Amino acid sequence: MITPFSLRLKQPLSTAHGDITERRGFIFRIDRNGTVGVGEATPLPGWTERYDECETALTTYANTDATAPDPTTHPACAHAIESAELDAAARQNGCSLAAYLRKTVFGRSSGRDAIPLNATIGAETTEKTVNQAIAAVENGFRCLKLKMGVSNPEDDLDRARAVRDAVGETIAIRVDVNGGWDRETATDCLPTLAAIGIEYLEQPLPAGDIEGHTMLRERGAVPIAVDESLQRASVTELIAADAADILVLKPMVLGGPKQTARAAQTAQEHGLDVVVTTTIDAAVARTTAAHVAAAIPRCRPCGLATGSFLAEDVVTDPLTITDGALCLPDTTGIFDGFIQSI
Ligand SMILES: O=C(O)CCC(=O)C1=CC=C[C@@H](O)[C@@H]1C(=O)O
Ligand SMILES: [Mg+2]
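Analysis parameters
- Residues numbered from 1 in each chain as written.
- Chains lettered and ligands numbered in written order.
- Predicted model: local features only at pLDDT ≥ 70, side-chain atom pairs only at ≥ 80, totals over all residues.
- Heavy atoms only, no water.
- UniProt positions renumbered as here; feature names shortened; annotations may be inferred.
- Pairing = 2+ DSSP bridges.
- Helix = DSSP H or I, 4+ residues; strand = E, 2+ residues; numbered from the N terminus.
- Axes fitted to C-alpha atoms, helices over the stretch in contact; angles between N-to-C directions.
- Contact = heavy atoms within 4.5 Å.
- Phe/Tyr/Trp six-rings, centres within 6.5 Å; stacked < 30°, edge-to-face > 60°.
- Buried < 20%, exposed > 50% of the residue type's maximum accessible area, 1.4 Å probe, protein only.
- Lys NZ or Arg CZ within 6 Å of the ring centre and 35° of its normal.
- Disulfide = S-S within 2.5 Å.
- Donors = N, O, S within 2.8 Å, 3.2 Å for Na, K, Ca; no water.

Going by what an unreviewed UniProt entry lists, the protein is known as o-succinylbenzoate synthase and is assigned to Natronocalculus amylovorans. What the UniProt record of the protein gives under Catalytic activity (unreviewed entry) is the line "(1R,6R)-6-hydroxy-2-succinyl-cyclohexa-2,4-diene-1-carboxylate = 2-succinylbenzoate + H2O". Heading Cofactor (unreviewed entry) of the UniProt record for the protein holds this comment: "a divalent metal cation".

**What to know about the sheet that holds strand 1 (residues 2-15)**
Taken together, three strands build an open sheet; the order of strands is 1-2-3 and the sheet is antiparallel. The open sheet has two edge strands, strand 1 and strand 3 (35-41), and neither has a second partner. Each adjacent strand pair in this sheet contributes to an overall mean axis angle of 20 degrees, direction not counted. Across the sheet, helix 2 (residues 75-92) touches strand 2 (18-32) and strand 3, and the angle it forms with strand 3 is around 155 degrees.

**Some details on the packing of aromatic side chains**
By the definition in use, this model includes three aromatic pairs. A ring pair is formed by Phe26 and Tyr51, whose centres lie 4.7 Å apart and whose planes are at 25 degrees; its orientation type is stacked. Of this pair, Phe26 sits in strand 2 while Tyr51 is found in helix 1 (residues 51-63), placing the two residues 25 residues apart along the sequence. The class of Tyr51 is buried, set by a relative accessible area of 19%. Summarising the aromatic geometry, the rings of Phe335 and Phe338 are spaced 5.1 Å apart at their centres and angled 80 degrees between planes, so their arrangement reads as edge-to-face. A relative accessible area of 22% means that Phe335 is categorised as partly exposed. For Phe338, a relative accessible area of 2% puts it in the buried group. Here the guanidinium or amino end of Arg24 rests over the ring plane of Tyr51, the centre of that ring lying 3.8 Å away.

**Let's talk about the state of the cysteines**
In the structure shown here, the tally under the stated rule is zero disulfides. Of all cysteine sulfurs in the structure, the one in Cys77 sits closest to Cys54, which takes part in no disulfide; the separation is 5.2 Å. A residue is classified by how much of its surface remains accessible, and Cys54, at 0% relative accessible area, is buried. For the unlinked cysteine Cys302, the closest cysteine sulfur is that of Cys299, found at 3.8 Å. For Cys302, a relative accessible area of 0% corresponds to the buried category.

**Some points on the coordination of the magnesium ion (ligand 2)**
Around the magnesium ion (ligand 2), the protein contributes the donor atoms Asp176 (OD), Glu202 (OE) and Asp227 (OD), at 2.0 to 2.3 Å from the metal centre. Along the chain, the residues donating to the magnesium ion (ligand 2) fall in the pattern D-x25-E-x24-D. Note that Asp176 is positioned in strand 7 (residues 172-176) and Glu202 in strand 8 (residues 201-202), a separation of 26 residues in sequence.

This is how it looks when you write it as structure tokens:
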């Protein structure tokens, strides 16, 4: 069964790719020998297939004997299908999705209950950015993610400096440019970002400029993370190119929770760190991503505090965030409560 939804954001999330103002997607429900599984597809144009492409692929899969679509061409659709299958499988095994992924991908039986998060702050004015940063720290967040690449680089750097001055040295500040700089701009910004003491610089250059990220990384000024580049190159290719210290993994963009867990495993085997984030998804995919993060050993603070961007949701959020860390619900599968309420 496929149920479409459309959710408004409380206010636009401003990024170098443009503003995100609403999220439209589908809840996908399957029945496997009497056990229900639920998954979500929330395509984000520019990151995944378009909404109409997702709808066609999901409908075709549901109504015919078609195999699941390729996660590289239809990642959001593949995400919904894989999530629903894993939800049912975990429930049949009497365990949570996190425990199921831990066992089947990482061969482990125990893991973390609480996942530290970053607070996400859009490309706003300095005053708004500083106010949001202070509010996040007062709410217990120890890690802030600032969006850059919308205004000019000098203003961006001033904003990051103002946040550092406001929150002090002990709070991690990471910066996400969403590919908004060229090599020269990024190179020029490195010394100031290093002086501000940022945790890492995420996707400074366009997705396809893998070599440029390698070049920035070689400078050694600040660690480099890639996000959008994972749509252009595989984890193995990015590792071979020495393009990143950190991979930002979005299950909705990578085609599902297991795809993401496997990407994390490959990255960690090669000494890279990972961060799990959403594409500002609804509650089902956010909870799915939280299970993925909980299954992965050694995650840096994750970008999962995104439910508060939405003005409405498909279902009551089962995740609680306390002191900047997220707690998973005690459940089988993704969340037992979804079966009754959606
Ligand atoms: O990582 C986070 O803190 C939240 C998610 C987030 O920042 C994003 C979600 C969706 C699209 C992007 O603009 C953005 C990102 O680039 O990571
Ligand atoms: Mg990013």
